[in-house]
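Examination of the molecular architecture
Take a look at the letters that make up each chain.
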Amino acid sequence: MENIIELKNVTKKIKGFQLNNVSFECKKGYIMGLIGPNGAGKSTLIRCLMDLVRIDEGDIKLFGMTHMENTKEIKQRIGFVYDESYFYEEFSIEKNKKIIAPFYRNWDDQTFYNYIEKFNLPLKKKIKTLSKGMKMKFAIAMALSHHPELIILDEPTAGLDPVFRREMLDILLDIIQDENKSVFFSTHITTDLDQVADYITFINNGEIVFSKEKDIIFEEYFLLKGPDTLAADIQKMNLIGGRKTGVGFEALVYGIDHIEQQLLNQLHIETPALETIMYYTIRGISL
Ligand SMILES: Nc1ncnc2c1ncn2[C@@H]1O[C@H](COP(=O)(O)OP(=O)(O)OP(=O)(O)O)[C@@H](O)[C@H]1O
C-alpha cells in the first residue's frame with residue numbers, strides 16, 4: 001500500500017520543546033488521527049508536515065516527495081485546514097474564494113458552490129462575522145475545492161458543538177469514500193477517533209507512543225479491574241498505569257499473556273477507550 005505521509009527520525013527543537021525522533025507512515029485511502037495532550041506537539045508536527053517550520057533532522061515525504069524536492073507540487077495536492085484563520089477577515093466568503101482559488105491548478109468552482117450550499121454558508125458575509133463552526137466549514141469547503149489527495153486538519157472539531165462535530169466527522173468519512181484520498185487530523189477529543197479513524201498516532205512530550213491501526217490497538221491494550229486485595233499483585237505486572245477507584249482498582253496493561261491465569265480469573269477485563277489509554281500512558285501508576 002502506498003504511503004502518503006512518511007516521517008523518518010524527524011527532530012525539531014523549539015524553545016523548551018522538542019519533537020524527538022518522530023517516525024510513522026500514513027497510507028493512501030485511510031483516515032489517521034493524531035492524538036496527544038495539550039502541548040504534546042501535534043500542531044508543531046503538522047506545521048513540519050506543511051513545511052511551515054523547517055525540521056532539524058530526519059526526513060518527511062508526502063506523496064513520496066520531500067518539500068526540498070517539490071514543495072509547490074506537494075501543496076497543490078494537500079487540502080490544509082488549521083485553527084488560526086488564514087482568510088481575509090474583512091472580506092466576504094466569495095471574495096476570499098476569488099483571491100485564493102487562482103493559486104490552485106485543480107480549483108473547481110462547481111465543487112466549491114456545492115459545499116457552500118451543503119454547509120448553508122452565506123456567500124456575502126464577511127469572515128469576521130461568521131461563527132466558529134461556519135469558519136471551519138468554510139475552511140473545509142476551500143480545502144476540498146481543489147480536489148486534494150490528502151486533507152490535513154489541525155483540530156477541526158475543537159470548539160464545535162456536538163451536532164457540528166458529528167457533521168464534520170461525516171464529511172471526513174465522505175472524503176475517503178474516494179479511495180485515492182487520505183485524511184490526517186489532530187484532535188484531543190478521542191471519541192471522535194473511535195468513530196472515524198482507521199489509524200491512530202499518539203504523541204506525548206514530542207515523542208511517538210504508538211502509530212497503529214485502531215483495531216489492533218484495541219486488541220493489544222487491556223483495562224483490568226479488581227478489588228483492593230489484589231492491588232499489590234497487579235502492581236508487579238508491568239503496568240502502564242493504574243489508580244484506586246473507590247471500589248477497588250483499575251489498571252492499564254499492554255498484553256495479558258504475562259499475567260498468571262489464576263490472577264486474571266479474579267479480575268474483570270475490558271477493552272479500554274482511547275481516552276483511557278491516553279490517560280494512563282500520561283499519568284502512570286498511582287495504585
Ligand atoms: N512558536 C513557538 N515558540 C515557542 N514555543 C512553541 C512554539 N510553538 C509551539 N511551542 C511549544 O511547543 C510545545 C508543543 O506545542 P504544540 O502547539 O505543538 O502542541 P499541541 O499538541 O498542538 O497542543 P494543543 O493540544 O494544546 O494545541 C508547547 O510546549 C508549546 O508551548
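Source: prediction; values computed, not measured.

Basis of the calculations
- Residues numbered from 1 in each chain as written.
- Predicted model: local features only at pLDDT ≥ 70, side-chain atom pairs only at ≥ 80, totals over all residues.
- Helix = DSSP H or I, 4+ residues; strand = E, 2+ residues; numbered from the N terminus.
- Buried ≥ 20, exposed ≤ 12 C-beta atoms within 10 Å, placed from the backbone.
- Contact = placed C-beta atoms within 7 Å.
- Pairing = 2+ DSSP bridges.
- Axes fitted to C-alpha atoms, helices over the stretch in contact; angles between N-to-C directions.
- Near = placed C-beta within 6 Å.
- pLDDT = per-residue confidence, 0-100.
- Expected span 1.5 Å × (residues − 1).
- Arc of directions from axis to C-beta.
- Core = buried A, V, L, I, M, F, W, Y, C linked by C-beta atoms within 7 Å.

**Topic: the overall build of the chain**
Secondary structure summary: the chain contains 11 helices and 14 strands in total. Considering the chain as a whole, with its 287 residues, one finds that 33% of them fall into the buried category. Restricting the contact set of the chain to residue pairs at least 6 apart, pairs at least 24 apart contribute 70%.

**Observations concerning the sheet that holds strand S1 (residues 3-14)**
Strand order across the open sheet formed by three strands is S2-S1-S4, with antiparallel pairing between neighbours. Where the open sheet ends on each side, the last strands, each with one partner, are strand S2 (17-27) and strand S4 (57-62). Sheet twist, expressed as the average angle between the axes of neighbouring strands with direction ignored, equals 15°. As defined by bridge partners, S1 adjoins S4 across five bridges and the pair is classed as antiparallel. Bridge assignment links isoleucine 5 to a residue of S4, and that residue is leucine 62.

**Structural notes on the site of the ligand**
Taken together, Ile14, Lys15, Phe17, Gly36, Asn38, Gly39, Ala40, Gly41, Lys42, Ser43, Thr44 and His188 are the residues near the ligand. Ranked by the residues each element gives to the shell around the ligand, the list is headed by helix H1 (residues 42-49), at three residues.

**A word on the confidence of the model for the chain**
Per-residue pLDDT for the chain has a mean of 93; in total, 99% of the residues score no lower than 70. Here the predicted complex scores 0.92 on pTM and 0.92 on ipTM.

**Topic: H1**
Counting buried positions along H1 yields six of eight residues, so the element is predominantly enclosed. Considered for burial, the residues of H1 that qualify are Lys42, Thr44, Leu45, Ile46, Cys48 and Leu49. Once H1 finishes, aspartate 51 follows within two positions and takes phi at roughly 60°, a positive value.

**A few points about the pairing of strand S8 (residues 199-204)**
In terms of burial, S8 is a largely internal element, five of the six residues being buried. Strand direction decides the pairing type here: strand S3 (residues 31-35) and S8, joined by four bridges, are parallel. Along S8, the bridge assignment pairs isoleucine 35 with phenylalanine 202. Bridging between S8 and strand S9 (residues 207-213) involves six bridges; their strand directions are antiparallel. Bridged to phenylalanine 202 within S9 is phenylalanine 210.

**Regarding unusual backbone geometry**
Positive phi, close to 55°, is recorded for asparagine 21, a residue that is not glycine. Phi at asparagine 120 is positive, roughly 60°, even though this residue is not glycine. By the secondary structure assignment, asparagine 120 is in the loop between helix H4 (109-118) and helix H5 (132-144). For asparagine 120, a count of 8 C-beta atoms within 10 Å puts it in the exposed group.

**Here we look at helix H6 (residues 162-175)**
For H6, with 14 residues, the first-to-last C-alpha span of 20 Å sits near the 20 Å given by 1.5 Å per residue. Buried within H6 are the following residues: Arg165, Met168, Leu169, Ile171 and Leu172. When H6 is viewed along its axis, its buried side chains cluster within an angular range of 150° and face the same direction. In this structure, H6 carries Val163, Asp170 and Asp174 as exposed residues pointing more than 90 degrees from its buried face. Close packing links the buried residues of H6 with S3, H5, strand S7 (182-187) and helix H7 (190-196).

**Focus on the environment of lysine 212**
Structurally, lysine 212 is set in strand S9. Once the C-alpha coordinates of lysine 212 and isoleucine 175 are considered, the two residues, 37 residues apart in sequence, prove to be 21 Å apart.

**Some thoughts on the environment of alanine 251**
Within the secondary structure, alanine 251 is located in strand S12 (residues 249-254). Classification of alanine 251 as buried rests on a count of 23 C-beta atoms within 10 Å. In this structure the C-alpha to C-alpha distance between alanine 251 and isoleucine 234, which are 17 residues apart in sequence, comes to 8.1 Å. When residues no more than four places from it in sequence are discounted, the contact partners of alanine 251 are Leu224, Ile234, Leu239, Gly242 and Leu287.

**Describing the nonpolar core**
One finds Leu45, Ile140, Ile152 and Phe184 to be the most contacted residues of the largest nonpolar core, which totals 65 residues. The element best represented in this core is H5, accounting for eight residues.

**Considerations on the sheet that holds S3**
Ordered in space as S5-S6-S7-S3-S8-S9, the six strands form an open sheet in which the pairing is mixed. Two strands close off the open sheet at either side, each with one partner strand: strand S5 (78-81) and S9. With direction set aside, neighbouring strand axes in the sheet form an average angle of 15°. On top of the sheet, H5 reaches S5 and strand S6 (150-154); it is set at about 170° to S5, its chief contact.

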